[in-house]
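Residue-level structural notes
Here is how the chains run, residue by residue.
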Amino acid sequence: MTRHLRFIRLLEGPQTLGRGPVFWGAAGAVLLAAGIYPLLADGYTVGNTVYFFNWTFMALGLCLIWGYGGTLSFGQTAFFGLSGYAYGVLTLNFGAAYGFTLLALIAALACSAMLAAVLGYFLYFGRISGVFLGIVTLSVTLVFERFMAQTAGPEWHVGVARLNGFNGMSGMPPLTLPWFGGALVLFPDVGLYYLVLTLLVLAYLGLRMLVNSKFGNVLVAIRENPERAEMLGYDVRKYQLVAFVIGAVMAGLSGALYTSWGQYITPSSMSITAAALPIVWVAVGGRGDLTATLIGTLAVLAAFQALTIYGSQYALVVMGLLLVATVLIAPGGLIVTFAKFVGRMRHGSKEAA
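Residues numbered from 1 in each chain as written. Predicted model: local features only at pLDDT ≥ 70, side-chain atom pairs only at ≥ 80, totals over all residues. Heavy atoms only, no water.

1. Regarding the overall build of the protein chain
As a reminder of what qualifies: Going along the chain from the N terminus, every DSSP run of H or I of four or more residues is numbered as a helix, and every run of E of two or more is numbered as a strand. The globule rule used for comparison is 2.2 Å times the number of residues to the exponent 0.38, while the radius of gyration itself is calculated over C-alpha atoms. Each residue is placed in one exposure class: buried if its accessible area under a 1.4 Å probe, protein chains only, is under 20% of its type's maximum, exposed if it is over 50%, and partly exposed if it falls in between. Residue contacts are defined here by distance: any two heavy atoms, one from each residue, within 4.5 Å place the two residues in contact. For the accessible areas, the method is Shrake-Rupley and the probe is 1.4 Å, while residue cover comes only from the protein chains on display. His is not counted, nor are the chain ends; Lys and Arg add positive charge and Asp and Glu add negative charge. To locate a charge, take atom NZ for lysine, CZ for arginine, CG for aspartate or CD for glutamate.
Within the protein chain one finds 14 helices and six strands. Against the 2.2 N^0.38 benchmark of 20 Å for 353 residues, the protein chain shows a C-alpha radius of gyration of 21 Å, consistent with a compact globule. For the protein chain, the spread of C-alpha atoms along the principal axes amounts to about 70 × 50 × 50 Å. When burial is assessed residue by residue, the protein chain has 46% of its 353 residues classed as buried. Pairs at least 24 apart in sequence give 76% of the contacts found in the protein chain among residues at least 6 apart. On the protein chain, roughly 17,300 Å² of surface is accessible, and the fraction owed to carbon and sulfur atoms is 71%. When the 18 positive and 11 negative side-chain charges of the protein chain are each reduced to one mean point, those points stand 9 Å apart.

2. A look at the packing of helix 3 (residues 43–68) against helix 11 (residues 272–285)
So the rule is basically this: Inter-axis angles, ranging from 0 to 180 degrees, are taken between N-to-C directions of lines fitted to C-alpha atoms, where helices are fitted over the stretch in contact. Roughly parallel covers angles under 35 degrees, roughly antiparallel covers those over 145, roughly perpendicular covers 65 to 115, and oblique covers all other angles.
The geometry of helix 3 relative to helix 11 is characterised by a closest axis approach of 9 Å and an angle of 70° between their N-to-C directions. Relative to helix 11, helix 3 is oriented roughly perpendicular. Here Trp-55, Met-58, Ala-59, Leu-62, Cys-63 and Trp-66 of helix 3 come into contact with helix 11, specifically with Pro-278, Ile-279, Trp-281, Val-282 and Ala-283.

3. Things to note about the packing of aromatic side chains
Rule in force here: Aromatic contacts are taken between Phe, Tyr and Trp rings whose centres are within 6.5 Å, Trp giving its six-membered ring; a plane angle under 30 degrees counts as stacked, one over 60 as edge-to-face, and the others as tilted.
Following the criterion strictly, the structure yields 22 aromatic pairs and no others. Pairing Phe-79 with Phe-244 gives two aromatic rings, centres 5.8 Å apart and planes at 80°, and the pair type is edge-to-face. Pair noted here: Phe-79 is in helix 4 (residues 76–94) and Phe-244 is in helix 10 (residues 236–262), with a separation of 165 residues, a long-range link. Judged on exposure class, the residue Phe-79 and its partner Phe-244 are both buried. Centre to centre, the rings of Phe-80 and Tyr-258 are 5.4 Å apart; their planes meet at 50°, and the pair counts as tilted. Remark: Tyr-258 occurs in helix 10 and Phe-80 occurs in helix 4; sequence separation between them is 178 residues. With respect to burial, Phe-80 and Tyr-258 carry one shared label: buried. An aromatic cluster is present here, built from Tyr-51, Phe-52, Trp-55, Phe-80, Tyr-258, Trp-261, Tyr-264 and Trp-281 joined pairwise through their rings.

4. Examining a nonpolar patch on the surface
This is how it is decided: Like charges within 9 Å and nonpolar side chains (Val, Leu, Ile, Met, Phe, Trp, Tyr) within 5 Å are joined into patches, using only residues over 30% in relative accessible area that form no salt bridge. Each reported salt bridge corresponds to a side-chain nitrogen of Lys or Arg within 4 Å of a carboxyl oxygen of Asp or Glu.
Taken together, the side chains of Leu-32, Ile-36, Leu-39, Leu-40 and Tyr-194 define a hydrophobic patch exposed on the protein surface, amounting to about 540 Å² of accessible area. For the nonpolar patch, the element with the highest residue contribution is helix 2 (residues 20–40), accounting for four residues. Inspection of the secondary structure puts Leu-40 in helix 2.

5. Considerations on helix 7 (residues 190–211)
For an α-helix, 3.6 residues make a turn, and residues three or four places apart therefore share a direction. Rule in force here: Between the first and last residue of a helix there are one fewer steps than residues, each counted as 1.5 Å, and that sum is the expected span. As used here, the arc is the angular range of directions from the helix axis to the C-beta atoms.
The end-to-end C-alpha distance of helix 7, which contains 22 residues, comes to 32 Å, matching closely the 32 Å that a straight helix rising 1.5 Å per residue would cover. Those residues of helix 7 not exposed but buried are Leu-192, Tyr-193, Val-196, Leu-197, Leu-200, Ala-203, Tyr-204, Leu-207, Arg-208 and Val-211. The arc that holds every buried residue of helix 7, seen down its axis, measures 130°, which confines them to one face.

Structure, rendered in structure tokens:
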């Protein structure tokens, strides 16, 4: 009973919006609708939905780093690309038999975690913060992108996996699970949809429990006043480093899933435009809350894809204007601002009654 109550407290803690039967009832209804959705849609639409889901892990990781930790990082796409390339190199060399793609996925996430640990150590223990940390992470992303873009010659290969420069790698196998009676190949269809949806739900609930735990409370205290948190005896650098690594692993999960989904990865996924888009997703929804980030990311991605029908340049302009409008009108994010407004209205109605 005590363990059950602790689980509930972590899910409904002070660091996240949404609690009580109404919120969880609505969340359950949305999850039920998401579960039924593939039965009503065609295969192409379901596969396109998986594409949207893939990016949300990166956004949730940035929400942890930036929204809860107070560190603006442009490095999410670097970890995205690293995991994507790692997954491609491993699967092209060793194939997909015996569930090796799952091992490749885990190894790809480990690569992102190790890079984040090394980079984060020098950043946080070197006392680099503020705009300078954003500049360093952006520089790392662009250096990685430029390096991979010039690996076009035949000498640039890892085993049988050719890096192919700006054209990127292709032909890697999708996620393949050992199953009774033969392997289950998860092409961009119903099977992959349910797997990614399950991972998304687990990641969301896990991060929600994390930010409502002691770790999350300390992380928010560091965001609000790092000097005061340090005076209270907390090692600010360690907490920021752990959040940075977790956020990088989430971005790496996006990269590996994206690579298995489309069976390709290119350096353009780490360009300056790609590095800026997660900032827009998280800022528009509300960087200070996981639920707002999740909803905002899916909404902005859907709008972005709809706008690309008329030209990608128009989509980017609209995304830029949306970010500026959000910063000027609702700095906390559109969804967070709306949720707080509704909360104030309900509170006012109760007082009037």
